[in-house]
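Coordinate inspection notes
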Amino acid sequence: MSKLPTVFVTGTDTGVGKTHVSAALLRAARSSGLRACGYKPVASGCERDAGGRLRNEDALALLAASGADETYEAVNPYAFEPPLAPHIAAREAGVEVELRVLDAAADRLAARHDWLLVEGAGGWRVPLNDAADFADWVGARGWPVLLVVGMRLGCVSHALLTAESIRARGLHLAGWVANELPPRQDRLDENIRSIADRVGAPLLGRIATGGTDAGEVFASLRSVLA
């Protein structure tokens, strides 16, 4: 089974379903025979487990969907307790998020799997430290980007602005996913068409509210990446 290029998953905002879509894509990739693994480089809003270790709900979901023999720390090297923007949570913890650490962890995972899916935190331009944000890091890596659009009021502008910024970095916007959020958005189909007509990237598919089957979305993404 041939390897696929690492893909970075970003969203139009926080709470738009990046983890839900990413986990579904990882399960679909595994069903197709790929050794796929998720990577959550930075996570805030973590809780302590019975052993006192910080654990993030999104990172745990990616690890479970990967079915990989990886430690938690391998898929989430920076975990912070306060539910704040990562650079602020890191500062309060007396830590600086170092890009070399993120790079090294990504490279190790990519070497051990057929496909690595990297999930950001919040939206596209969320800062990582005082000098760089996610867009800077992904731009340096040159990864193709998958945009998850949470279908709710305001999503059209958010989607178009994010796509514009991704392209400004010289990156390949591989496509976008319409993640249907509850309650169902008014004029949902019209909003999806509005984005599809303007965003300049393929609509890889729709994830229904609460849906977990991303087989067709993964097949579309795989075709784009080939």
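Residues numbered from 1 in each chain as written. Predicted model: local features only at pLDDT ≥ 70, side-chain atom pairs only at ≥ 80, totals over all residues. Heavy atoms only, no water.

**Quick notes on the packing of aromatic side chains**
Rule in force here: Pairing of aromatic rings covers Phe, Tyr and the six-membered ring of Trp, with a centre-to-centre limit of 6.5 Å; geometry is then stacked below 30 degrees between planes, edge-to-face above 60, and tilted otherwise. Helix numbering and strand numbering both begin at the N terminus, where a helix is a DSSP run of H or I of at least 4 residues and a strand a DSSP run of E of at least 2. Accessible area is worked out with a 1.4 Å probe on protein chains only. A residue is then buried under 20% of its type maximum, exposed over 50%, and partly exposed in between.
Applying the stated criterion across every chain yields a total of six aromatic pairs. When the centroid spacing of 5.9 Å and the interplanar angle of 35 degrees are considered together, the rings of Phe8 and Phe134 count as tilted. Residue Phe8 is found in strand 1 (residues 7–11), and its partner Phe134 is found in helix 6 (residues 134–141); the two are separated by 126 residues along the sequence. Relative accessible area serves as the criterion here: at 1%, Phe8 is assigned to the buried category. Given a relative accessible area of 1%, Phe134 falls into the buried group. Site record: aromatic cluster; members linked through ring pairs are Phe8, Trp124, Phe134, Trp137 and Trp143.

**Looking at the packing of helix 7 (residues 155–168) against helix 8 (residues 188–198)**
Geometry of a packed helix pair, given as the angle between the helix axes and the separation of the axes. Our working definition: The axes are straight lines fitted to the C-alpha atoms, using for helices just the contacting stretch, and the angles between their N-to-C directions are given from 0 to 180°. When an angle is under 35 degrees it counts as roughly parallel; over 145 it counts as roughly antiparallel; between 65 and 115 it counts as roughly perpendicular; any other value is oblique. Less than a right angle of anticlockwise turn of the near helix away from the far helix marks a crossing as left-handed, whereas a clockwise turn marks it as right-handed. Should any heavy atoms of two residues lie within 4.5 Å, those residues are considered in contact. Any residue that is not Ala, Val, Leu, Ile, Met, Phe, Trp, Tyr, Cys, Pro, Asp, Glu, Lys or Arg is counted as polar, Gly included; the first ten are nonpolar and the last four charged.
Look at helix 7 against helix 8: their axes get within 10 Å of each other, and the N-to-C directions meet at 20 degrees. If you check the angle between helix 7 and helix 8, you find them roughly parallel. As helix 7 runs across helix 8, the sense of the crossing is right-handed. On the side of helix 7, the interface is formed by Cys155, Val156, Ala159 and Leu160, while helix 8 contributes Asn191, Ser194, Ile195 and Arg198. A class-by-class count of the residues in the contact of helix 7 with helix 8 yields five nonpolar, two polar and one charged.

**Let's talk about the sheet that holds strand 2 (residues 36–39)**
Selection criterion: Following DSSP output, two strands are said to pair if at least two bridges run between them.
Here six strands make up an open sheet; going across it, the order is 2-7-1-8-9-10 and the pairing parallel. Each of the sheet's edge strands pairs with one partner strand only, and the pair in question is strand 2 and strand 10 (203–207). Ignoring which end each strand starts from, the neighbouring axes of this sheet average 20 degrees apart. Taken together, the four bridges between strand 1 and strand 8 (residues 145–151) define a ladder with parallel strand orientation. Within strand 8, the position partnered with Val9 by the bridge is Leu146. Helix-sheet contacts for helix 9 (residues 215–225) involve strand 1, strand 7 (115–123), strand 8, strand 9 (173–180) and strand 10, and the interaxial angle to strand 10 is about 165 degrees.

That's the geometry; what it means functionally is another story.
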